[in-house]
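Residue-level listing of the chains:
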Amino acid sequence: MGFCMYAKNENHLMQCSRRHALHSMAAGFGGLAFNSLLHAQHHAAGRQHFPARAKRVIFLFMHGGPSHVDLFDFKPALTRHEGQALPFPERAVQFAERGHVMPSPWSFRQVGQSGHWMSSLWKHLPSVADEICMLHSLCETNVAHGGACMKLHTGSESLLRPSMGAWMSYGLGSENQNLPAFVTLCPTSLHGGVDNFGAAFLPAQHQGVPLGTPGYPNTLAKNARFHYMGQGDAATLRVQREQLSLLRALGNQGTKDASLVDPLEARMQSFELAYRMQVEAPEVTDLSGESSFTRSLYGMDEPETKNFGQQCLLARRLAERGVRFIQVSHAHSLPFNNEQWDQHSHLEQGHALNVAQIDKPITGLLLDLKARGLLEETLVLWGGEFGRTPTIQKGEGPVGRDHHPDGFTMWMAGGGVKPGYRYGATDELGYHAVENRCTIHDLHATILHLMGLDHERLTYRHLGRDFRLTDVEGDVARSILA
Amino acid sequence: MKRCYHLLTAFGCLVWMSRAFANEGHWAWKPPEWPSIPTVVDTSWVRGPIDAFILNQLESRGLTPAPSASPETLLRRIWFDVLGLPPTEEALEVMKRSTEADPWVKVVDALLASPHYGERWGRHWLDVARYGDSNGGDENHAYPHAYRYRNWVLEALDRDMRFDRFLQAQLAGDLLPRGETESLAGTGFLAIGTKILAEQDPIKKQADTIDEQLDTLSRAFMGLSLGCARCHDHKFDPISDRDYYAMHGILKSSEIVEREFPTPAYQAVLDQWQREHPFHQKAIEEIHALLREQVDSVGAIEWEAESFDQGNVVIDHQHYGKGIGIISDPGSQDNYVEYALEVARDGDYFLEVRMAAKVARPGRLLWDGVLEEDAILQTTTGGWMPEHQQWVRLGVKHLTKGAHRLRVESKPLMSHLDRFRLRRLHELERFQALQEQAEIWEAKRESWMAEKPSVPMIMSMADGEVGNARVHVRGNPHQLGEEVPRGFLSGLTPAAAGLMEKDTSGRLELAQWMTDPHHPLTARVFVNRLWQWHFGRGLVPTPDNFGTTGQKPTHPALLDWLTLDFIRHGWSIKRLHRQILTSSVYQMSSQVEDHPGMTRDPANQYYWKAQAQRMDAESYRDALMSVAGTLDPNRDRKAPVAVKSQDPSPQDLSQNRKTYEAFSHRSVYLPVVRSHLYDFLTLMDFPNATTPVGMRSETTVPTQALLMLNSEWIQAQAAALAQQVGEWGENDRECLARLYRRCYSRDPNLEEQKHCLELLRTMQQEKNSEEAWSILCHTLLMADGFLYVR
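Predicted model, so just to flag it, every value in this text is computed and none were measured.

Engineer: Can you tell me about the overall build of chain A, naming the residues and giving the values?
Structural biologist: Along its length, chain A carries 14 helices and 20 strands. Looking at chain A as a whole, 66% of its 482 residues qualify as buried. Partitioning the contacts of chain A with sequence separation of at least 6, the portion at a separation of at least 24 is 76%. As displayed, chain A offers around 16100 Å² of accessible surface, 50% of which is attributable to carbon and sulfur atoms.

Rendered as structure tokens:
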């Protein structure tokens, strides 16, 4: 029984036992990685290295590089140094030429019991500040979007490696036999594109399934669909039912070859699953059952927040249904900057608009997860591929900031992290991460840890070597664990 | 580190050695040795040495080989294997009627000579060469010339290029002696890899690019991963970081260049084009001669542009006017110059200017304060510099004897004007008529120039600044350690390091070192690849990893024999195919019941039967189109159809898919856009084209099923097939039998017939006959019987 799919590759041939192989490779919707309940139980029992604090991840990806010093990392010293050169040398490799120090155009205040600093751009997020664990010391991505996005998503800035969602799918499987383990909502096709949710050398079923064609600009939430999904209408399904019966009948007496029994049975199962998926998946994306209160909570009734609100609401629905890793991308282009958060110029206009688009939806998502009891088992991660320089970028037009991979802020909420906690710090000017530096490998190690996986033991043998999401590095940021 | 060397050959010319790490004596570091061909009991089964080696192993395990596959099954197997296409109905008929005892030699020879052979086997190599038509990585720029490498591979296989040459061309085609110019395109191998184009650190970017090249070439040709040694001595294989940087230096001394590649086809088109040239040229020259006759040189005035009487322009003698002196604008303004002229006698005058302009900066002409021409200085001359100066006509004017003022205006910028010339005409009408003719001919010449065939370009390698590399400490290109002389893997051979020429990169020496008949890996790795592409599994089951972490050969003696035999017979790939395809082991049945092998060797490691194989992505697409009659079998070696590779929008991707679906040629000619591959191919396990893939993974996932069920393109193939069925006659049973022969190369059995006709009847209750057949065809095209080649 079960839905044993079949996969053959070099790695696979090293397994001597077919049964073992079927278990370890089992199931998966490749594109839409379905796993059987059997499989899920198998993983739940066998693959976690220690008890998990979170069952799933929602990654709110801010494409382009949000400016930490204008959003969460308050640096009053920037005012003192305003208009001056940095008191230390700029990094050697820069993306653009940089100028003098510029304080944030926005005022900051401390919010909630936690006293997190947030700039005046945030109107809604302060109400859930005490759920948030700030990570102020992210560092070591890359100074260009491509390398930085790939580093953030896959741990490598230059080589093709499995993405973190794929590792999660590989390590834990899915909790739901009818949905993929890793769904990425409205992804961008820029800067690594599909490789940022790819499986690389992991079996194909672990790759992220895009809900919405990857594109630039990214697909609007209202147009997001799974690929090659049929219409699901009764007439088509009836014909397909007949086709499946014939496939089964022909398969049953087609081969005398014992070595084909498993792969052919797997094929048959994959057809059955595909068929069922067409019947059941449309329900996930059908928001008609959501109350007007919920829609409003996510800002779906306001034009500015409608699109991202819908993405966040879809993320919650996927989380409820047991999808292991859900990525939500805030990755449109703006009239004055190519990538959503990439304010080389127009900092004030761009960041004001961007925060306005996500503030309410993200707050709504945290409140909604909390109200449904999902927050404690769901790790929410917010952030982009780098921060922005505390200095201005030289150039024409309204002022902006350059890419900054040396110290920036991400945050987590729910899923086993200390609420209201602050981890790490940048220097006085927000330039270098100086306290509890958190590299991307450390971030990945920590996320895996929260999911019950030891990043040093979650390995996959490829070309004679055991590969990890964290390569040969990564330390868990233990002090953030609740 | 302890190093001990182990003498392996006695030839004396080259000493191949194995450095002992923790893996002394690893089989793959030792050059192959001729094994004796084993004796067997059942000699009747043995058609050649391959069979002897296989049967010897089987007999020693108490196993017997499966019987031969049926002729239809075998024909289908060989067609898919050699051409990647299903056998035609005619080929099937010929086979059925054949009375020859062993028709296969003839069949195999014919298929190996088919132009479709290169399309199938070239594609296998392109997997290893991680061939792509775009950069992939962070910035997915198109590689518009990469396909010339693809074509080169296909053609090399078609004409059975020796494998040692094939390798040498790919690493050093530009350095091979004259007469090998056709090898140049082979160097695309090193050029077409993924690069992180937006990397802001040029030193890291170069190091990353070289790393990619080194890892690719070592894995593709030697089955070794070099990547680890970028940061430290390889833990498992005999590759020290010094070795790595010895090879790094070779590639650091080389560079990727796009260059002109005048192919014979291009040359033919160019010759054809050039033949028209003198015709234009002669006419134009004749007219100009006549025009010259019309100009009276007596009383001509010629003056320097900078000798103006009034003006607001600048004079330049330093740069644009070096050696001649020119005038131009000082920046954006209403530029003008005026000249006071004294005309000696009445007449029609012809005015010209000597000027240079890269882009047109038009202006106006006034005589004595009156506008004469409002669109002068429109001409471009190819540049701004003195060497771009040429005489340009300004117009004809009747002037009376005496003083005149000529004014030239140009705003906001002005071309670079050097001199003016005013000459009297003998006969104005004649002059103007000739001028009109000249313009007609010049327009003709211009359109002819526009049709000049553009020179093909290739991505290739060239030697750059030659020099050794220094070790990057812990892989950091900014932290340099000791300098390492360019060289190869000293763990495999210390001798070759000293053979490097001082003033060339060393790529040629590298290629020669790798193709030395005594090299322990190169030929073995390739022979194993070839075996694996035929049988679905290599004699070494890890084709890209011959290191100590790879698997050992199941038949080491056979691998050695095949390797040495391959080298002895001139590295001929087609000969090796022939040996394999005509062997008994290849021709066994895969459909075996109640065989002791099922319990004693369930994985069929020892080849007691043939192994059914699932079609790969391209074979599936080509086979669908082939049976549907929608495949255009003519080669399409043009540039791949254009699709959007960089930053595609969802609309672009949907347009891309339409482009792919409308493409009627074989799949090998589809563009391989990294990161945005045609999803049909990706879903059917087409590799991602960023690293060498010796063996594709084979997944069975429900997205494949969704693709097969719902792809409108697959449904269209089924409909095209059903339309033909409609033309075959009224008898459903006969139509079904023919449909089976078309799709499965065999007749249906009674059970299959029953089930298929049942579906047909059910569907015919609510749909017309062609729709019902279309649904049946669609089902048969996604069934195991179609997808699995037995």
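Engineer: Lay out the overall build of chain B in plain terms, naming residues and giving numbers.
Structural biologist: Secondary structure summary: chain B contains 27 helices and 18 strands in total. Taking 790 residues into account, the globule formula puts the C-alpha radius of gyration at 28 Å, and chain B, at 36 Å, lies well above it. If you line up chain B on its principal axes, its C-alpha atoms span 120 × 80 × 45 Å. In chain B, which comprises 790 residues, the proportion classed as buried is 59%. Contacts in chain B between residues at least 24 apart in sequence constitute 73% of all its contacts with a sequence separation of at least 6. For chain B, the exposed area adds up to about 31900 Å²; of that, 50% sits on carbon and sulfur atoms.

Engineer: Kindly report on the pairing of strand E5 (residues 116-119) of chain A, identifying the contributing residues and their values.
Structural biologist: Residue and element names in this part refer to chain A. With four bridges connecting them, strand E4 (residues 108-111) and E5 associate as antiparallel partners. Paired with Arg-109 across the two strands is Met-118, which belongs to E5. Connecting E4 to the next strand, E5, in antiparallel fashion are four residues, including Gly-112 with a positive phi near 65 degrees.

Engineer: Give me the lowdown on the packing of aromatic side chains, citing residues and values where you can.
Structural biologist: Throughout the structure, instances matching the rule amount to 49 aromatic pairs over all chains. With centroids separated by 5.1 Å and ring planes inclined at 80 degrees, the aromatic side chains of A:Phe182 and A:Phe325 adopt a geometry described as edge-to-face. Here A:Phe325 lies in strand E9 (residues 325-330) and A:Phe182 lies in strand E7 (residues 182-185), a separation of 143 residues in the sequence. One exposure class covers both A:Phe182 and A:Phe325, and it is buried. Judged by centre distance (6.3 Å) and plane angle (45 degrees), the rings of B:Phe163 and B:Phe566 are tilted. Taken together, the residues span a long stretch of sequence, with B:Phe163 in helix H7 (residues 163-172) and B:Phe566 in helix H16 (residues 556-568) at a distance of 403 residues. Residue classification places B:Phe163 among the buried residues on the basis of a relative accessible area of 1%. Owing to a relative accessible area of 3%, B:Phe566 belongs among the buried residues under this scheme. Through pairs of rings, three or more aromatic residues link up here, namely B:Trp125, B:Tyr149, B:Trp152, B:Phe163, B:Phe166, B:Phe189, B:Phe221, B:Phe526, B:Phe566 and B:Trp571. Across from the ring centre of B:Trp441, 4.1 Å away, lies the NZ or CZ of B:Lys444, which sits over that ring.

Engineer: Describe in detail helix H4 (residues 104-112) of chain B, supporting the description with residues and values.
Structural biologist: All names here are of chain B. If you check which residues of H4 are buried, you get Trp-104, Val-107, Val-108, Leu-111 and Leu-112. Buried residues in H4, looked at end-on, bunch into an arc of 125 degrees, giving them a common side. Its buried side turned inward, H4 meets helix H2 (71-82), helix H3 (89-97), helix H5 (116-128) and helix H17 (573-581).

Engineer: Account for the environment of B:Ala156, naming residues and giving values.
Structural biologist: Residue and element names in this part refer to chain B. Turning to its location among the elements, Ala-156 is positioned in helix H6 (residues 147-158). Residue classification places Ala-156 among the buried residues on the basis of a relative accessible area of 2%. The spatial distance from the C-alpha of Ala-156 to the C-alpha of Phe-166 is 7.3 Å, given a sequence separation of ten residues.

Engineer: Before we move on, can you summarise the pattern of salt bridges with the specific residues and values?
Structural biologist: A full pass over the atoms with the stated rule returns 80 salt bridges over all chains. As a salt-bridge pair, A:Arg98 and A:Asp402 come within 2.8 Å of each other at their nearest N and O atoms. Remark: A:Asp402 occurs in the loop between strand E12 (391-393) and strand E13 (403-404) and A:Arg98 occurs in strand E3 (residues 98-101); sequence separation between them is 304 residues. Exposure class is identical for A:Arg98 and A:Asp402. Each is buried. When the shortest N-O distance is used, the salt bridge between B:Glu304 and B:Arg419 registers 2.4 Å. Residue B:Glu304 is found in strand E2 (residues 295-304), and its partner B:Arg419 is found in strand E12 (residues 416-425); the two are separated by 115 residues along the sequence. Residue classification places B:Arg419 among the partly exposed positions, given a relative accessible area of 22%.

Engineer: Run through empty space enclosed by the protein, naming residues and quoting values.
Structural biologist: All names here are of chain A. Within this structure, the stated rule accounts for six cavities of 30 Å³ or more. Computed from the structure, the second largest cavity encloses a volume of approximately 70 Å³. Along its surface, the second largest cavity is lined by Phe-61, His-153, Thr-184, Pro-187, Thr-188, Gly-193, Asn-196, Phe-197, Gln-327 and Ser-329. When grouped by side-chain class, the residues that make up the lining of the second largest cavity number three nonpolar, seven polar and no charged.

Engineer: So, the sheet that holds strand E6 (residues 335-343) of chain B: which residues are in play, and what are the values?
Structural biologist: Residue and element names in this part refer to chain B. Spatially, E3-E6-E11-E8-E9 is the arrangement adopted by the five strands of the open sheet, whose pairing is antiparallel. Of all the strands in the sheet, the pair left with one neighbour each is strand E3 (310-311) and strand E9 (370-376). Note that strand E8 (residues 363-367) and strand E11 (residues 402-410) share five bridges and pair antiparallel. Along E11, the bridge assignment pairs Arg-364 with Glu-409.

Engineer: Please give an account of the interface of chain A and chain B that cites residues and values.
Structural biologist: One frequently used descriptor of interface size is the decrease in accessible area upon assembly of the parts. With 75 residues of chain A at the contact, the number on the chain B side is 81 residues. Between chain A and chain B lies a buried interface of about 6400 Å² when both sides are counted; carbon and sulfur atoms form 61% of it. Scanning the region where chain A abuts chain B turns up three salt bridges. Here A:Arg267 ties to B:Asp784 by a salt bridge, and the two come within 2.7 Å at their closest N and O atoms. Residue assignment for the side of chain A that touches chain B shows that the elements contributing at least two residues are strand E1 (6-8), helix H1 (10-13), helix H6 (145-154), helix H8 (234-252) and helix H9 (261-280) of chain A. Taken together, the residues that form the side of chain A that touches chain B break down as 37 nonpolar, 28 polar and ten charged.

Engineer: So what's going on with the nonpolar core? Residues and values would help.
Structural biologist: A:Trp411, B:Trp125, B:Leu217, B:Phe221 and B:Tyr620 are the most contacted members of the largest nonpolar core, which has 254 residues in total. When near neighbours in sequence (up to four residues on either side) are disregarded, A:Trp411 contacts A:Phe72, A:Leu125, A:Ile132, A:Cys133, A:Met134, A:Leu135, A:Ile362, A:Leu366, A:Val380, A:Leu381 and A:Trp382. The next biggest cluster of nonpolar side chains, apart from the first, holds 48 residues, and it includes A:Phe61, A:Phe182, A:Leu450 and A:Ala477.

Engineer: Tell me about the packing of H6(B) against H7(B), residues and numbers included.
Structural biologist: All names here are of chain B. Where H6 contacts H7, the two axes come as close as 11 Å, and the packing angle between them is 165 degrees. What the angle tells us is that H6 and H7 run roughly antiparallel. Two packed elements cross with a definite hand, and for H6 against H7 that hand is right-handed. Taking contact as the criterion, the partners of Tyr-149, Trp-152, Val-153 and Ala-156 in H6 are, on H7, Phe-166, Ala-169 and Gln-170. Broken down by class, the residue content of the contact of H6 with H7 amounts to six nonpolar, one polar and no charged.

Engineer: Describe unusual backbone geometry, listing the residues and the values that go with them.
Structural biologist: Residues and elements named next belong to chain B. Of the consecutive residues Lys-411 and Pro-412, the connecting peptide bond is found in the cis state with omega at -5 degrees. Topologically, Pro-412 is positioned in the loop between E11 and E12. Of note, the phi angle at Asp-594 is positive, near 50 degrees, even though the residue is not glycine. Mapped onto the elements, Asp-594 comes out in the loop between H17 and helix H18 (597-600). Despite not being glycine, Asn-604 shows a phi value in the positive range, around 60 degrees.

Procedures and definitions
- Residues numbered from 1 in each chain as written.
- Chains lettered and ligands numbered in written order.
- Predicted model: local features only at pLDDT ≥ 70, side-chain atom pairs only at ≥ 80, totals over all residues.
- Heavy atoms only, no water.
- Helix = DSSP H or I, 4+ residues; strand = E, 2+ residues; numbered from the N terminus.
- Buried < 20%, exposed > 50% of the residue type's maximum accessible area, 1.4 Å probe, protein only.
- Contact = heavy atoms within 4.5 Å.
- Areas by Shrake-Rupley, 256 points an atom, 1.4 Å probe, with all protein chains shown as cover.
- Rg over C-alpha atoms; globule rule 2.2 N^0.38 Å.
- Pairing = 2+ DSSP bridges.
- Phe/Tyr/Trp six-rings, centres within 6.5 Å; stacked < 30°, edge-to-face > 60°.
- Lys NZ or Arg CZ within 6 Å of the ring centre and 35° of its normal.
- Arc of directions from axis to C-beta.
- Salt bridge = Lys/Arg side-chain N within 4 Å of Asp/Glu carboxyl O.
- 1 Å grid on protein atoms, 1.4 Å probe; cavity = no way out; pocket = protein on both sides within 12 Å on 5 of 7 lines; lining within 4 Å.
- Points joined across faces, edges and corners; volume = space filled by probe spheres on them.
- Nonpolar A, V, L, I, M, F, W, Y, C, P; charged D, E, K, R; others polar.
- Buried area = accessible area lost by both parts, 1.4 Å probe.
- Core = buried A, V, L, I, M, F, W, Y, C linked by side-chain atoms within 4.5 Å.
- Axes fitted to C-alpha atoms, helices over the stretch in contact; angles between N-to-C directions.
- Parallel < 35°, antiparallel > 145°, perpendicular 65-115°, else oblique.
- Left-handed = near helix turned anticlockwise from the far one by under 90°.

These results come straight from atomic positions and should not be treated as a statement about function.
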